[in-house]
Amino acid sequence: MAKKPFSFQTDPSMFEPADPEEKKELIIQRQSLSFWQDSWRRLRKNPTAMIGLALIILSLLFAFIGPLIVPYKYDEQIRGFENLSPMQTPQERSAARAEVPKPKNRSEEFAYDFDTSASGEKTAPETAAVELKEAVFPHVLGTDSLGRDNLVRLMYGSRISLLVGIIASVIILIIGSIYGAFSGFIGGRTDNVMMRILELLYAIPDILIVILLSIVLKAPLSQLFAVSPALSKLTGIGPGLLSMFITFALLYWVGMARIVRGQVLQLKEQEFITAAQALGANNNRVIFKHLLPNCIGPIIVTTTFQIPNAIFVESFLSFIGLGISAPMASLGSLANDAMSGIQTYPYMLAQPAIMIAIIILAFNMLGDGLRDALDPRMKK
Amino acid sequence: MDNTAKTLVDIKDLKVSFFTPAGEVKAVRGISWSLKEGEALGIVGESGSGKSVSVYALMGILQNPGKVIGGFITFNGIDMLKLKEKQWQKIRGNDMSMIFQDPMTSLNPVYTVGNQIAETVMAHTKTRQREANVLAVASLAKVHIPNPDKRAKQYPFEFSGGMRQRAMISMSLCCEPKLLIADEPTTALDVTIQAQIIDLLRELKQRTNMGIILITHDMGVITDICEKVVVMYGGQIVESAAVKNLYKNPSHPYTQGLLECLPRLVSDEEEPLKPIEGSPVDLLNPPAGCPFAPRCARCMKICLTEQPPQFEIETEHYSACWLHALDN
Amino acid sequence: MGERLIEIKNLTKHFIVKGDFRHNKVQAVDDVSFYIDQGETLGLVGESGCGKTTIGRTLLRLYEPTSGSIFYKGRDITKEKMKPYRSKMQIIFQDPFASLDPRMTVGDIVGEPLDINRAYRSKRERSDRVFEILNLVGLSNEHARRYPHEFSGGQRQRIGIARALAVRPDFIVCDEPVSALDVSIQAQIINILMDLQKEFGLTYLFIAHDLAVVKHISDRIGVMYLGKLVELYTSKGLHKNPMHPYTQALLSAIPVPDPEVSMKKKRIILQGDVASPINPPKGCRFHTRCFRAKERCIEECPELVELEPGHLVACHFPG
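Throughout this document, residue positions are counted from 1 along each chain, in the order its sequence is written. Naming scheme: in the order in which they are written, chains are lettered from A and ligands are numbered from 1. For a predicted model such as this one, the threshold for reporting local features is a pLDDT of at least 70, and the threshold for listing and counting side-chain atom pairs is 80 or more; totals across whole chains, interfaces and linings nevertheless cover every residue.

Draft legend 1. Structural context of the overall build of chain B. Helix and strand counts for chain B stand at 13 helices and 12 strands. Put simply, the radius of gyration uses C-alpha atoms, and a globule should come to 2.2 Å times the residue count raised to 0.38. Here the C-alpha radius of gyration of chain B, 21 Å, is about what a compact globule of 328 residues would show, namely 20 Å. Dimensions of chain B, computed from the C-alpha atoms along their principal axes, are close to 65 × 50 × 45 Å. In this scheme the burial state of a residue depends on its C-beta neighbours within 10 Å: 20 or more other such atoms mean buried, 12 or fewer mean exposed, and anything in between means partly exposed; the C-beta positions come from the backbone. Counting every position in chain B, which comprises 328 residues, the buried fraction comes to 52%. We count a stretch as a helix when DSSP gives it H or I for four or more residues in a row; a strand needs E for two or more, and each element gets its number in order from the N terminus.

What follows is the structure in structure tokens.
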């Protein structure tokens, strides 16, 4: 065995049979990524989606943590601090106003008069209090016509808008996905009927329903709140907001139902569904344990797009006066309040509008990124 | 097949890798074979052996993130790896063409079959539409499709599986290529239809002087059509020989295992089959030595660390296994 | 072999497929009858459109039969509720990638039949049983925590087998269980199936298109063409003495690796394609491709007759 025509020296003992353990070591089990890890990795690579995600996180911090930092309450009216521009103090304002020549048009006149009367009548204790507070925290975004700090109101408004958006989207998610899954899975005539109902619902004008509901619910709700003191805390959820939630629950889940139904129609042809049926699984089990978990991708994506939708609808309704009732504020109602003084104080409208725009944009960017990241076909 | 026939394809030490997010998947790790005009070569292997990838590299249709990272491909004397995409396109479909496994998805569903064949003809030669249509019908007749003029006006969904495969074959033959590559052409077909297609390929081989590369996992199909065969495992060639020699004298443990584990129609034995233990190779982390080592019953220590070279068993019969070193 | 476990009589399954303006009737299975004894394996072969997969699924009432009867242990279960029988009659699927829920762990997949049938009293008992079955098919305990996509095709098929075994069935329909696997893995799975059969006294209906595989594992084989059973005999007998022209063509069409055998093999190349089950040919369904077809075959559909003990053929001119 020593004389071998090899060009390199080989150890003859290498030609002994290998141990089974040595062979096993060669089979390195590949570190496999789970579905979520794989999607997160793909999402991370998408800069737009990451920006969207960052903006959302910032908005959430802004809305929920922000008010803890700013010392003002959203409903705290400070006399003498009305209608300040961003970062302005009353003193600066009166100084600025003093130099301005007498205005020609009526609304300015009125404002001017109001200001001089306010600043002209500075009483001693008020001034002291005023000056004390000023030293602590400036009104970064100014104040509104009742002396309430805009920044804190913006934060609070964002909080309400976000909450409404998210809660509404969750309602839509639950109703829509269950409806769509049942319709798609059962198929046949039931599916037909369920889809026609869906189309009917889609055709109903949503704003009309909200208006009707808010009118109809006003009387019974105020009675309800009068009777139960615990519920009076929820006075903020006036007929407007409640009717909005009811409308969401009634009408807005159509899109989600259609998407989930589409997914289910595809999935139910797959063999693992037949396998579950062969094992004796009933319909409920198949839908909740097999079909819906496999629809999570599109469900998440649709929900992510649904949130800005809901926020927009809420803002719109509050803007036309149908949603939130005072003293609660949402971004839409802030915009509404700003309308009266839009000529003089344009920043009052700009602030909530920009905030709405940022939130909606952020969710859309994230939604686009999620759609690509969660697509199972992109998996190698 | 005479020895003075020209070498059509020459592959030397080809290496192909896929650069995926998970890492480099070494699909082909240094293979060499050659094909003469009029010859039929079979490439046998299972999933993950690299057989399809090597041939895609030959056609230049490797998809991202796959890249040829080493070796030479020569076709008809041309160094293929140096070609630009435009030059590839002139050769593809013209001098070398390919038929794929799944006849359902390889034809475009929105164009008639005749249209698709005519399009290929027009793309490569300076033929007009009318002439090309006539050529398309003739092409279909060559592959024994009945009523070719009626069939040429039909859409792929009106064809059955076997017919579609024939249509694919006729499409790849319409420009009279020098090389036909068939990637698992009969795997998706019923056995009786498979027999028809094999018969057709054999007839075509005799009629024209085309070189054929046939990729399959079915040794029986190779025997019917090919003269030479190459067995691939884990991105490498483990054995290569003339077909009758491979069957008479399988030398590599993998080849032996493959031939032994097939249930035989002829045997009367009640014994259990002799499978090859273990699972196919993970090409992300291929073993350092012989790719078959983890599954080989006669694995030695050297097999785990050193890749075996090709040992010559007899004329034109090579096997890459350290066991042959012991025989010397 | 024990008593008759499964029997079907005149089983027919038609599907209605909506065409452009009309409804097409796909005659997937037409008037098929056979029985399977306990502990036996009946193989069912045929090409696409022959109805073998449909029979397997209709037997388990995954499709409702159009007409005919299904018997389990002598009892007519054609119209009964299947829930109590599900744990006795199981199925293994062809596609190891599609037949496992990608969102469930292996432990949950194999445990699902136990959950559905409430076959355990505590979580501990459930996981013990799951581990026991996984070990039976050659997988380890720690595999229970993993997801299907982390396994190879052969391993996934083992998981599918484990799932079918979980509730200790008597009868398993094996629907092309090895067709989608690599050749070197096929032998592993076939061996597992045969070992399990010996150990637990299982009865199989083995559906495949590869005659060689079917011959190895089956005791008897039935050959189907376009929804009808054309020949039924023991596996050895069928290979030695096929009488139906389709069986003969099928046997000759199988490519053989051995060059010498291949050269000597009689080649029967059938003309034309498999006809569509939507409009099967009148008379004998095979007559359009048959190399022995005569006048009678075009008009009259042959009955399945017993030409020698245990050997049934449906042909006017067998032999």
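Draft legend 2. Quick look at the packing of helix α7 (residues 150-186) of chain A against helix α15 (residues 296-319) of chain A. All names here are of chain A. Helix axes are fitted only over the stretch in contact, all axes being lines through C-alpha atoms; the angle between N-to-C directions runs from 0 to 180 degrees. Running from N to C, α7 and α15 cross one another at 130 degrees; their axes reach a closest spacing of 8 Å. On the basis of the axis angle, α7 is oblique to α15. With respect to the hand of their crossing, α7 and α15 are arranged in right-handed fashion. Contacts from S161, V164, G165, I166, A168, S169, I172, L173 and S177 in α7 reach I299, T303, Q306, I307, A310, I311, E314 and S315 in α15. Classifying every residue of the contact of α7 with α15 by side-chain character gives 9 nonpolar, 7 polar and 1 charged. These descriptions rest on fixed angle ranges, namely under 35 degrees for roughly parallel, over 145 for roughly antiparallel, 65 to 115 for roughly perpendicular, and the rest for oblique. Working rule for handedness: look at the near helix, and if it is turned counterclockwise from the far one by less than a right angle, call the crossing left-handed; if clockwise, right-handed. Distance between backbone-placed C-beta atoms decides contact: two residues are in contact if it is within 7 Å. Under the grouping applied here, Gly and all other residues not named as nonpolar or charged are polar, the nonpolar ones being Ala, Val, Leu, Ile, Met, Phe, Trp, Tyr, Cys and Pro and the charged ones Asp, Glu, Lys and Arg.

Draft legend 3. Spotlight on the pairing of strand β3 (residues 40-44) of chain B. All names here are of chain B. Among the 5 residues in β3, 5 count as buried, and that is most of the element. Neither face of β3 is left uncovered, since the one carrying A40, G42 and V44 and the one carrying L41 and I43 both have all their residues buried. A pair of strands is considered paired only if DSSP assigns at least 2 bridges between the two. Pairing of β3 with strand β8 (residues 211-216), which is carried by 5 bridges, proceeds in the parallel orientation. Across the sheet, residue V44 finds its bridge partner in β8, namely T216. Relative to strand β9 (residues 228-233), β3 runs parallel, the two sharing 4 bridges. Its bridge partner being in β9, I43 is matched across the sheet by V230.

Draft legend 4. Inspection of helix α4 (residues 113-124) of chain B at higher detail. In a regular helix each residue adds 1.5 Å, so 12 residues correspond to 16 Å; α4(B) covers 17 Å between its end C-alpha atoms and thus fits that length. If you follow the buried residues of α4(B), they end up packed against α5 (129-142), α6 (148-152) and α7 (161-173) of chain B. For a helix, the expected span equals 1.5 Å multiplied by the residue count minus one.

Draft legend 5. Molecular detail of the interface of chain C and chain B. Listed as interface residues are 35 residues of chain C and, on the opposing side, 40 residues of chain B. Those elements giving two or more residues to the side of chain C that touches chain B turn out to be α5 (153-165), α6 (183-200), α7 (211-217), α8 (235-240), α9 (245-253) and α10 (259-264) of chain C. Ranked by residues supplied to the side of chain C that touches chain B, first place goes to α6(C) with 7 residues. Looking at the side of chain C that touches chain B residue by residue, the class counts come to 18 nonpolar, 11 polar and 6 charged.

Draft legend 6. Structural detail: the interface of chain C and chain A. Each partner contributes residues to the interface: chain C has 21 residues there, and chain A has 16 residues. Here the side of chain C that touches chain A takes 3 residues from helix α3 (residues 106-116) of chain C, the largest share from any one element. A class-by-class count of the residues in the side of chain C that touches chain A yields 10 nonpolar, 4 polar and 7 charged.

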